[in-house]
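What follows is the residue order along each chain.
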Amino acid sequence: MTASIDQAWELAKQRFADLNIDAEAALATLDTLPVSMHCWQGDDVAGFENPTGGLTGGIQATGNYPGKARNAAELRADLEQAFALIPGPKRLNLHAIYLESDTPVARNEIKPEHFANWVAWARDHHLGLDFNPSCFSHPLSADGFTLSSANPEVRQFWIEHCQASRRVSAYFGRELGTPSVMNIWVPDGMKDLTVDRLAFRQRLLSALDEVISEKFDQNHHIDAVESKLFGIGAESFTVGSNEFCLGYAASRQTALCLDAGHFHPTEVISDKISSAMLFVPRLLLHVSRPVRWDSDHVVLLDDETQAIAGEIVRHNLFDRVHIGLDFFDASINRIAAWVIGTRNMKKALLRALLEPTDQLKKLEQDGDYTGRLALLEEQKSLPWQAVWDVYCQRHGAPVGSQWLEAVRGYEKSVLAQRIQG
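Bear in mind that the values here come from a model prediction, so they are computed numbers and not experimental data.

Student: Explanation requested: the packing of helix α6 (residues 197-211) against helix α7 (residues 242-252) in the structure shown.
Tutor: Relative orientation and spacing of two packed helices are given, respectively, by the angle between their axes and the distance between those axes. Remark: α6 packs on α7, axes separated minimally by 12 Å, with the N-to-C direction vectors making an angle of 35 degrees. Between α6 and α7 lies a crossing of right-handed hand. Contact residues: α6 offers Arg201, Leu204, Leu205, Leu208 and Asp209, while α7 offers Phe244, Tyr248 and Arg252. Taken together, the residues of the contact of α6 with α7 break down into 5 nonpolar, no polar and 3 charged.

Pasting the structure below:
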(Lines give C-alpha, C1' and ligand atoms only; values in the text may rest on other atoms or scores of the structure.)
Protein backbone atom coordinates (compact mmCIF):
# COMPACT_ATOMS: atom_id res chain seq x y z
CA MET A 1 0.00 0.00 0.00
CA THR A 2 2.76 2.44 0.93
CA ALA A 3 4.56 1.98 -2.39
CA SER A 4 1.40 2.53 -4.43
CA ILE A 5 0.52 5.64 -2.39
CA ASP A 6 4.01 7.04 -2.96
CA GLN A 7 3.85 6.33 -6.68
CA ALA A 8 0.44 7.97 -7.01
CA TRP A 9 1.71 10.95 -5.00
CA GLU A 10 4.67 11.52 -7.32
CA LEU A 11 2.42 11.39 -10.38
CA ALA A 12 -0.13 13.70 -8.77
CA LYS A 13 2.53 16.14 -7.65
CA GLN A 14 3.77 16.46 -11.23
CA ARG A 15 0.25 16.80 -12.60
CA PHE A 16 -0.43 19.72 -10.27
CA ALA A 17 2.98 21.22 -11.00
CA ASP A 18 2.01 21.35 -14.68
CA LEU A 19 -0.69 23.82 -13.57
CA ASN A 20 1.76 25.76 -11.38
CA ILE A 21 0.23 24.28 -8.20
CA ASP A 22 2.63 23.26 -5.44
CA ALA A 23 1.11 20.18 -3.79
CA GLU A 24 3.67 20.24 -0.95
CA ALA A 25 2.76 23.84 -0.21
CA ALA A 26 -0.91 22.87 -0.16
CA LEU A 27 -0.21 20.19 2.46
CA ALA A 28 1.84 22.64 4.51
CA THR A 29 -1.05 25.12 4.51
CA LEU A 30 -3.54 22.39 5.39
CA ASP A 31 -1.42 21.71 8.46
CA THR A 32 -2.20 25.24 9.67
CA LEU A 33 -6.01 24.90 9.37
CA PRO A 34 -7.54 23.18 12.40
CA VAL A 35 -11.15 22.03 12.29
CA SER A 36 -13.05 22.36 15.57
CA MET A 37 -14.92 19.13 16.15
CA HIS A 38 -18.06 19.39 18.29
CA CYS A 39 -18.25 17.24 21.41
CA TRP A 40 -22.06 16.91 21.31
CA GLN A 41 -22.08 14.39 18.45
CA GLY A 42 -20.76 11.87 20.96
CA ASP A 43 -23.71 11.90 23.35
CA ASP A 44 -26.63 13.44 21.43
CA VAL A 45 -26.32 16.84 23.14
CA ALA A 46 -27.12 15.40 26.57
CA GLY A 47 -24.19 16.83 28.52
CA PHE A 48 -23.36 16.01 32.13
CA GLU A 49 -25.45 18.57 33.97
CA ASN A 50 -28.61 16.46 33.73
CA PRO A 51 -28.07 13.67 31.17
CA THR A 52 -31.60 12.32 31.59
CA GLY A 53 -33.22 15.65 30.74
CA GLY A 54 -34.84 16.15 27.34
CA LEU A 55 -33.68 18.61 24.72
CA THR A 56 -35.58 21.86 24.28
CA GLY A 57 -35.01 25.02 22.27
CA GLY A 58 -35.67 23.63 18.81
CA ILE A 59 -32.96 20.97 19.13
CA GLN A 60 -33.56 17.29 18.43
CA ALA A 61 -31.21 14.33 18.19
CA THR A 62 -32.90 11.42 16.45
CA GLY A 63 -31.92 7.76 16.50
CA ASN A 64 -30.83 5.32 19.19
CA TYR A 65 -27.62 3.77 17.91
CA PRO A 66 -26.14 1.81 20.82
CA GLY A 67 -23.10 2.81 22.83
CA LYS A 68 -23.31 6.58 23.26
CA ALA A 69 -21.01 8.22 25.80
CA ARG A 70 -22.55 8.45 29.28
CA ASN A 71 -19.91 10.49 31.06
CA ALA A 72 -16.87 12.64 30.40
CA ALA A 73 -14.40 9.78 30.55
CA GLU A 74 -16.31 7.83 27.90
CA LEU A 75 -16.75 10.91 25.74
CA ARG A 76 -13.04 11.72 25.85
CA ALA A 77 -12.19 8.11 24.99
CA ASP A 78 -14.52 8.27 21.98
CA LEU A 79 -13.02 11.58 20.91
CA GLU A 80 -9.52 10.12 21.10
CA GLN A 81 -10.62 7.26 18.88
CA ALA A 82 -12.06 9.67 16.33
CA PHE A 83 -9.07 12.02 16.43
CA ALA A 84 -6.70 9.11 15.74
CA LEU A 85 -8.50 8.51 12.44
CA ILE A 86 -8.46 12.13 11.25
CA PRO A 87 -5.23 13.61 9.86
CA GLY A 88 -3.92 17.06 10.66
CA PRO A 89 -4.71 19.67 13.34
CA LYS A 90 -7.96 19.55 15.30
CA ARG A 91 -9.76 21.51 18.00
CA LEU A 92 -12.64 20.56 20.28
CA ASN A 93 -15.80 22.60 20.75
CA LEU A 94 -17.49 22.26 24.17
CA HIS A 95 -20.88 23.35 25.46
CA ALA A 96 -21.34 24.56 29.02
CA ILE A 97 -23.45 21.49 29.86
CA TYR A 98 -20.30 19.35 29.55
CA LEU A 99 -18.94 20.59 32.88
CA GLU A 100 -17.69 18.13 35.48
CA SER A 101 -18.63 18.50 39.14
CA ASP A 102 -19.40 16.17 42.04
CA THR A 103 -22.27 18.45 43.07
CA PRO A 104 -24.90 20.27 40.98
CA VAL A 105 -23.77 23.61 39.57
CA ALA A 106 -26.20 26.31 38.44
CA ARG A 107 -25.41 27.46 34.93
CA ASN A 108 -24.81 31.01 36.05
CA GLU A 109 -22.22 29.71 38.51
CA ILE A 110 -20.01 27.62 36.22
CA LYS A 111 -16.30 28.26 36.73
CA PRO A 112 -13.04 27.30 35.04
CA GLU A 113 -12.48 24.62 37.68
CA HIS A 114 -15.49 22.71 36.32
CA PHE A 115 -13.61 22.29 33.01
CA ALA A 116 -10.12 21.66 34.38
CA ASN A 117 -10.17 18.02 33.25
CA TRP A 118 -10.98 19.09 29.71
CA VAL A 119 -8.10 21.55 29.68
CA ALA A 120 -5.63 18.96 31.02
CA TRP A 121 -6.82 16.47 28.42
CA ALA A 122 -6.64 19.03 25.61
CA ARG A 123 -3.11 19.97 26.62
CA ASP A 124 -2.04 16.31 26.57
CA HIS A 125 -3.49 15.91 23.07
CA HIS A 126 -2.24 19.26 21.70
CA LEU A 127 -5.75 20.55 21.11
CA GLY A 128 -7.31 23.98 21.29
CA LEU A 129 -10.72 24.32 22.94
CA ASP A 130 -13.72 26.41 21.89
CA PHE A 131 -16.82 27.05 23.98
CA ASN A 132 -20.56 27.77 23.98
CA PRO A 133 -23.00 28.88 26.68
CA SER A 134 -25.94 26.44 26.80
CA CYS A 135 -29.08 28.59 26.61
CA PHE A 136 -31.49 25.67 26.13
CA SER A 137 -32.87 22.57 27.88
CA HIS A 138 -33.28 24.33 31.22
CA PRO A 139 -36.30 25.26 33.40
CA LEU A 140 -35.57 28.96 32.83
CA SER A 141 -35.72 28.50 29.04
CA ALA A 142 -38.98 26.57 29.12
CA ASP A 143 -41.11 29.43 27.75
CA GLY A 144 -38.78 29.87 24.78
CA PHE A 145 -36.92 32.98 25.93
CA THR A 146 -33.55 33.54 27.56
CA LEU A 147 -31.54 36.71 26.91
CA SER A 148 -34.61 38.43 25.42
CA SER A 149 -37.02 37.36 28.14
CA ALA A 150 -39.44 40.01 29.42
CA ASN A 151 -38.86 38.61 32.92
CA PRO A 152 -35.84 40.54 34.31
CA GLU A 153 -34.88 37.71 36.67
CA VAL A 154 -34.83 35.15 33.87
CA ARG A 155 -32.92 37.52 31.61
CA GLN A 156 -30.37 38.23 34.34
CA PHE A 157 -29.81 34.51 34.92
CA TRP A 158 -28.88 34.00 31.27
CA ILE A 159 -26.74 37.11 31.19
CA GLU A 160 -24.80 35.73 34.15
CA HIS A 161 -24.54 32.32 32.46
CA CYS A 162 -23.02 33.87 29.34
CA GLN A 163 -20.69 36.02 31.42
CA ALA A 164 -19.53 32.96 33.34
CA SER A 165 -19.07 31.13 30.04
CA ARG A 166 -16.82 33.91 28.73
CA ARG A 167 -14.57 33.51 31.77
CA VAL A 168 -14.35 29.78 31.10
CA SER A 169 -13.54 30.47 27.46
CA ALA A 170 -10.79 32.94 28.38
CA TYR A 171 -9.39 30.33 30.78
CA PHE A 172 -9.17 27.88 27.88
CA GLY A 173 -7.22 30.38 25.80
CA ARG A 174 -4.81 31.31 28.60
CA GLU A 175 -4.08 27.72 29.53
CA LEU A 176 -3.75 26.32 26.02
CA GLY A 177 -2.08 29.25 24.25
CA THR A 178 -4.69 29.50 21.50
CA PRO A 179 -7.82 31.69 21.56
CA SER A 180 -11.11 30.05 22.40
CA VAL A 181 -13.98 31.11 20.15
CA MET A 182 -17.12 31.36 22.27
CA ASN A 183 -20.33 31.29 20.28
CA ILE A 184 -23.57 32.70 21.67
CA TRP A 185 -26.76 31.23 20.23
CA VAL A 186 -30.16 31.65 21.86
CA PRO A 187 -33.35 29.75 20.97
CA ASP A 188 -35.61 32.73 21.71
CA GLY A 189 -38.70 33.06 19.57
CA MET A 190 -42.43 32.46 19.18
CA LYS A 191 -44.47 29.77 17.54
CA ASP A 192 -47.18 32.10 16.24
CA LEU A 193 -47.84 35.72 15.39
CA THR A 194 -45.75 38.26 17.32
CA VAL A 195 -46.81 41.85 17.82
CA ASP A 196 -43.87 43.61 19.51
CA ARG A 197 -40.79 42.14 17.84
CA LEU A 198 -38.81 45.29 18.49
CA ALA A 199 -39.08 44.95 22.27
CA PHE A 200 -37.63 41.44 22.21
CA ARG A 201 -34.74 42.55 20.04
CA GLN A 202 -34.08 45.59 22.17
CA ARG A 203 -33.81 43.33 25.22
CA LEU A 204 -31.49 40.94 23.40
CA LEU A 205 -29.30 43.82 22.25
CA SER A 206 -29.04 45.20 25.78
CA ALA A 207 -28.39 41.76 27.27
CA LEU A 208 -25.62 40.95 24.80
CA ASP A 209 -23.97 44.29 25.48
CA GLU A 210 -23.98 43.43 29.17
CA VAL A 211 -22.62 39.95 28.45
CA ILE A 212 -19.58 41.22 26.53
CA SER A 213 -18.91 44.23 28.76
CA GLU A 214 -16.00 42.52 30.54
CA LYS A 215 -12.88 42.85 28.40
CA PHE A 216 -10.67 39.88 27.60
CA ASP A 217 -7.46 39.53 25.64
CA GLN A 218 -8.37 38.38 22.12
CA ASN A 219 -5.36 36.10 22.24
CA HIS A 220 -7.39 34.15 24.80
CA HIS A 221 -11.05 34.69 23.95
CA ILE A 222 -13.14 35.66 20.89
CA ASP A 223 -16.89 36.42 21.05
CA ALA A 224 -19.23 35.24 18.29
CA VAL A 225 -22.99 35.55 17.80
CA GLU A 226 -25.06 33.06 15.80
CA SER A 227 -28.36 33.65 14.03
CA LYS A 228 -31.13 31.24 13.17
CA LEU A 229 -34.03 31.38 10.73
CA PHE A 230 -36.49 29.58 12.98
CA GLY A 231 -36.69 26.65 15.36
CA ILE A 232 -39.22 24.07 16.47
CA GLY A 233 -41.60 26.08 18.62
CA ALA A 234 -40.25 29.34 17.17
CA GLU A 235 -41.54 29.06 13.62
CA SER A 236 -43.00 32.56 13.33
CA PHE A 237 -40.41 34.70 15.07
CA THR A 238 -36.74 34.26 15.93
CA VAL A 239 -35.30 37.10 18.00
CA GLY A 240 -31.68 36.50 16.94
CA SER A 241 -32.26 36.65 13.20
CA ASN A 242 -29.55 36.95 10.55
CA GLU A 243 -30.11 40.69 10.27
CA PHE A 244 -29.87 41.11 14.03
CA CYS A 245 -26.69 39.07 14.43
CA LEU A 246 -24.95 40.55 11.40
CA GLY A 247 -25.80 44.03 12.66
CA TYR A 248 -24.63 43.18 16.14
CA ALA A 249 -21.34 41.64 15.00
CA ALA A 250 -20.61 44.55 12.67
CA SER A 251 -21.45 47.26 15.21
CA ARG A 252 -19.73 45.59 18.16
CA GLN A 253 -16.92 44.05 16.08
CA THR A 254 -17.47 40.55 17.37
CA ALA A 255 -17.20 37.45 15.22
CA LEU A 256 -20.28 36.33 13.31
CA CYS A 257 -21.23 32.66 13.25
CA LEU A 258 -22.70 31.35 10.01
CA ASP A 259 -24.34 27.94 10.40
CA ALA A 260 -25.00 26.05 7.16
CA GLY A 261 -28.44 24.99 8.38
CA HIS A 262 -29.71 28.29 9.76
CA PHE A 263 -31.03 29.90 6.61
CA HIS A 264 -33.76 29.44 4.04
CA PRO A 265 -33.27 26.20 2.07
CA THR A 266 -32.36 28.20 -1.05
CA GLU A 267 -29.58 30.09 0.79
CA VAL A 268 -26.01 28.89 1.29
CA ILE A 269 -23.43 30.31 3.68
CA SER A 270 -20.65 30.09 1.09
CA ASP A 271 -22.25 33.06 -0.68
CA LYS A 272 -22.42 35.05 2.59
CA ILE A 273 -18.75 34.77 3.55
CA SER A 274 -17.36 37.45 1.22
CA SER A 275 -20.13 39.91 2.16
CA ALA A 276 -19.84 39.39 5.91
CA MET A 277 -16.05 39.68 5.80
CA LEU A 278 -16.38 43.29 4.63
CA PHE A 279 -18.04 44.27 7.89
CA VAL A 280 -16.99 41.90 10.69
CA PRO A 281 -13.47 41.12 11.92
CA ARG A 282 -13.92 37.35 12.05
CA LEU A 283 -16.25 34.57 11.02
CA LEU A 284 -17.04 31.35 12.81
CA LEU A 285 -18.42 28.69 10.49
CA HIS A 286 -20.64 25.86 11.67
CA VAL A 287 -20.42 23.44 8.79
CA SER A 288 -23.38 21.09 8.72
CA ARG A 289 -25.77 19.49 6.19
CA PRO A 290 -29.38 20.67 6.19
CA VAL A 291 -31.30 17.89 4.44
CA ARG A 292 -34.59 19.44 5.52
CA TRP A 293 -33.51 22.85 6.75
CA ASP A 294 -31.64 22.68 10.09
CA SER A 295 -31.46 18.90 10.34
CA ASP A 296 -27.71 18.82 11.14
CA HIS A 297 -26.79 15.75 9.11
CA VAL A 298 -23.19 14.56 8.84
CA VAL A 299 -21.09 16.75 6.55
CA LEU A 300 -20.56 15.33 3.07
CA LEU A 301 -17.96 16.24 0.49
CA ASP A 302 -20.72 17.96 -1.47
CA ASP A 303 -20.89 21.13 -3.53
CA GLU A 304 -21.66 23.44 -0.60
CA THR A 305 -18.91 22.05 1.64
CA GLN A 306 -16.50 22.53 -1.25
CA ALA A 307 -17.80 26.04 -1.90
CA ILE A 308 -17.29 26.99 1.76
CA ALA A 309 -13.70 25.74 1.64
CA GLY A 310 -13.17 27.52 -1.67
CA GLU A 311 -14.24 30.88 -0.26
CA ILE A 312 -11.79 30.53 2.63
CA VAL A 313 -8.87 29.59 0.40
CA ARG A 314 -9.55 31.84 -2.60
CA HIS A 315 -9.64 34.94 -0.42
CA ASN A 316 -6.86 33.92 1.98
CA LEU A 317 -9.13 34.13 5.02
CA PHE A 318 -7.10 31.69 7.09
CA ASP A 319 -6.54 34.12 9.96
CA ARG A 320 -10.09 35.46 10.06
CA VAL A 321 -12.28 32.38 9.63
CA HIS A 322 -12.64 29.71 12.31
CA ILE A 323 -13.92 26.38 11.00
CA GLY A 324 -16.21 24.35 13.25
CA LEU A 325 -18.63 21.49 12.71
CA ASP A 326 -22.17 21.18 14.04
CA PHE A 327 -24.11 17.99 13.42
CA PHE A 328 -25.47 15.21 15.58
CA ASP A 329 -26.74 11.96 14.14
CA ALA A 330 -27.78 9.28 16.63
CA SER A 331 -28.90 6.84 13.93
CA ILE A 332 -25.35 5.75 13.01
CA ASN A 333 -22.14 5.04 14.88
CA ARG A 334 -21.34 8.38 16.49
CA ILE A 335 -17.58 8.03 16.12
CA ALA A 336 -17.98 7.23 12.44
CA ALA A 337 -20.10 10.37 12.07
CA TRP A 338 -17.28 12.48 13.54
CA VAL A 339 -14.68 10.85 11.29
CA ILE A 340 -16.72 11.13 8.09
CA GLY A 341 -17.70 14.74 8.66
CA THR A 342 -14.30 16.00 9.79
CA ARG A 343 -12.34 14.18 7.11
CA ASN A 344 -14.74 15.59 4.51
CA MET A 345 -14.18 19.15 5.72
CA LYS A 346 -10.43 18.63 5.53
CA LYS A 347 -10.73 17.06 2.08
CA ALA A 348 -12.67 20.09 0.89
CA LEU A 349 -9.96 22.40 2.22
CA LEU A 350 -7.26 20.37 0.47
CA ARG A 351 -9.14 20.40 -2.83
CA ALA A 352 -9.50 24.16 -2.52
CA LEU A 353 -5.78 24.51 -1.85
CA LEU A 354 -5.08 22.48 -5.00
CA GLU A 355 -7.28 24.64 -7.20
CA PRO A 356 -5.58 26.75 -9.93
CA THR A 357 -7.04 29.87 -8.33
CA ASP A 358 -4.67 32.38 -9.90
CA GLN A 359 -5.47 31.11 -13.38
CA LEU A 360 -9.19 31.15 -12.67
CA LYS A 361 -9.05 34.71 -11.36
CA LYS A 362 -7.08 35.81 -14.43
CA LEU A 363 -9.65 34.28 -16.77
CA GLU A 364 -12.41 36.04 -14.85
CA GLN A 365 -10.62 39.39 -14.91
CA ASP A 366 -10.08 39.03 -18.65
CA GLY A 367 -13.77 38.31 -19.21
CA ASP A 368 -13.02 34.81 -20.47
CA TYR A 369 -15.95 33.14 -18.78
CA THR A 370 -15.82 30.23 -21.20
CA GLY A 371 -12.28 29.43 -20.11
CA ARG A 372 -13.22 29.95 -16.48
CA LEU A 373 -16.03 27.39 -16.64
CA ALA A 374 -13.92 24.93 -18.61
CA LEU A 375 -11.04 25.08 -16.11
CA LEU A 376 -13.37 24.90 -13.11
CA GLU A 377 -14.82 21.67 -14.47
CA GLU A 378 -11.53 20.15 -15.63
CA GLN A 379 -9.82 20.74 -12.28
CA LYS A 380 -12.45 18.59 -10.55
CA SER A 381 -10.78 15.57 -12.17
CA LEU A 382 -7.28 16.38 -10.96
CA PRO A 383 -5.74 13.65 -8.74
CA TRP A 384 -6.37 15.33 -5.37
CA GLN A 385 -7.18 11.94 -3.80
CA ALA A 386 -3.53 10.86 -4.17
CA VAL A 387 -2.48 14.01 -2.30
CA TRP A 388 -5.04 13.30 0.44
CA ASP A 389 -3.77 9.72 0.78
CA VAL A 390 -0.19 10.83 1.34
CA TYR A 391 -1.41 13.44 3.84
CA CYS A 392 -3.17 10.69 5.82
CA GLN A 393 -0.09 8.51 5.61
CA ARG A 394 2.21 11.26 6.89
CA HIS A 395 -0.07 11.86 9.87
CA GLY A 396 -0.47 8.19 10.72
CA ALA A 397 -4.18 8.22 9.88
CA PRO A 398 -5.85 5.44 7.89
CA VAL A 399 -5.92 5.80 4.12
CA GLY A 400 -9.21 5.46 2.29
CA SER A 401 -11.95 3.62 4.15
CA GLN A 402 -9.50 1.69 6.34
CA TRP A 403 -10.59 3.86 9.28
CA LEU A 404 -13.93 2.05 9.35
CA GLU A 405 -12.24 -1.16 10.47
CA ALA A 406 -10.87 0.65 13.52
CA VAL A 407 -14.31 2.05 14.33
CA ARG A 408 -15.87 -1.41 14.03
CA GLY A 409 -13.24 -2.82 16.36
CA TYR A 410 -13.82 -0.05 18.90
CA GLU A 411 -17.56 -0.67 18.71
CA LYS A 412 -17.10 -4.33 19.59
CA SER A 413 -14.53 -3.83 22.33
CA VAL A 414 -15.83 -0.63 23.95
CA LEU A 415 -19.26 0.54 22.83
CA ALA A 416 -20.88 -2.87 23.13
CA GLN A 417 -19.73 -3.11 26.75
CA ARG A 418 -21.65 0.07 27.58
CA ILE A 419 -24.86 -1.59 26.47
CA GLN A 420 -24.23 -4.54 28.75
CA GLY A 421 -23.09 -2.34 31.67
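Read on for the rest.
Student: Help me understand the packing of aromatic side chains in this model?
Tutor: Applying the stated criterion across every chain yields a total of 13 aromatic pairs. Taking 5.0 Å as the distance between ring centres and 90 degrees as the angle between the ring planes, the aromatic pair formed by Phe157 and Trp158 counts as edge-to-face. The pair Phe157 / Trp158 is uniform in exposure class, with both members buried. For the pair Trp388 and Tyr391, a centre-to-centre distance of 6.1 Å together with 35 degrees between the ring planes defines the contact as tilted. Remark: Tyr391 and Trp388 occur in helix α13 (residues 384-394); sequence separation between them is 3 residues, near one turn of the helix.

Student: Looking at this structure, how should I read the pattern of salt bridges?
Tutor: Should the charged atoms of two oppositely charged side chains come close, the side chains can pair. Summed over all chains, the structure comprises 19 salt bridges. A salt bridge links Arg167 to Glu214, with the shortest nitrogen-to-oxygen separation between them at 3.1 Å. Placement of the pair is Arg167 in helix α5 (residues 152-176) and Glu214 in the loop between α6 and β6 (221-226), with a sequence separation of 47 residues. Linked by salt bridges that have partners in common, Arg70, Glu74, Asp78 and Arg418 make up one network.

Student: What exactly am I supposed to notice about the UniProt feature "binding site: Mn(2+)" (unreviewed entry) in the protein here?
Tutor: As annotated in UniProt, the feature "binding site: Mn(2+)" (unreviewed entry) corresponds to His262, Asp294 and Asp296 in the numbering used here. For the residues just named, distributed over 35 residues, the greatest C-alpha separation is only 9.8 Å, placing them together at one site. When near neighbours in sequence (up to four residues on either side) are disregarded, Asp294 contacts Lys228, Asp259, Gly261 and His262. In this fold, Asp296 is placed in the loop between β9 (283-287) and α9 (303-314). On the accessibility criterion, Asp296 (7% relative accessible area) is buried. Once residues lying within four places of it in the same chain are set aside, the contact partners of Asp296 are Ser288, Arg289, Asp326, Phe327 and Phe328. Side chain to side chain, Asp296 and Ser288 meet in a polar contact 2.9 Å long.

Analysis parameters
- Residues numbered from 1 in each chain as written.
- Predicted model: local features only at pLDDT ≥ 70, side-chain atom pairs only at ≥ 80, totals over all residues.
- Heavy atoms only, no water.
- Axes fitted to C-alpha atoms, helices over the stretch in contact; angles between N-to-C directions.
- Helix = DSSP H or I, 4+ residues; strand = E, 2+ residues; numbered from the N terminus.
- Left-handed = near helix turned anticlockwise from the far one by under 90°.
- Contact = heavy atoms within 4.5 Å.
- Nonpolar A, V, L, I, M, F, W, Y, C, P; charged D, E, K, R; others polar.
- Phe/Tyr/Trp six-rings, centres within 6.5 Å; stacked < 30°, edge-to-face > 60°.
- Buried < 20%, exposed > 50% of the residue type's maximum accessible area, 1.4 Å probe, protein only.
- Salt bridge = Lys/Arg side-chain N within 4 Å of Asp/Glu carboxyl O.
- UniProt positions renumbered as here; feature names shortened; annotations may be inferred.
- Polar contact = N/O pair within 3.5 Å; in protein donor to acceptor, adjacent residues only side chain to side chain.

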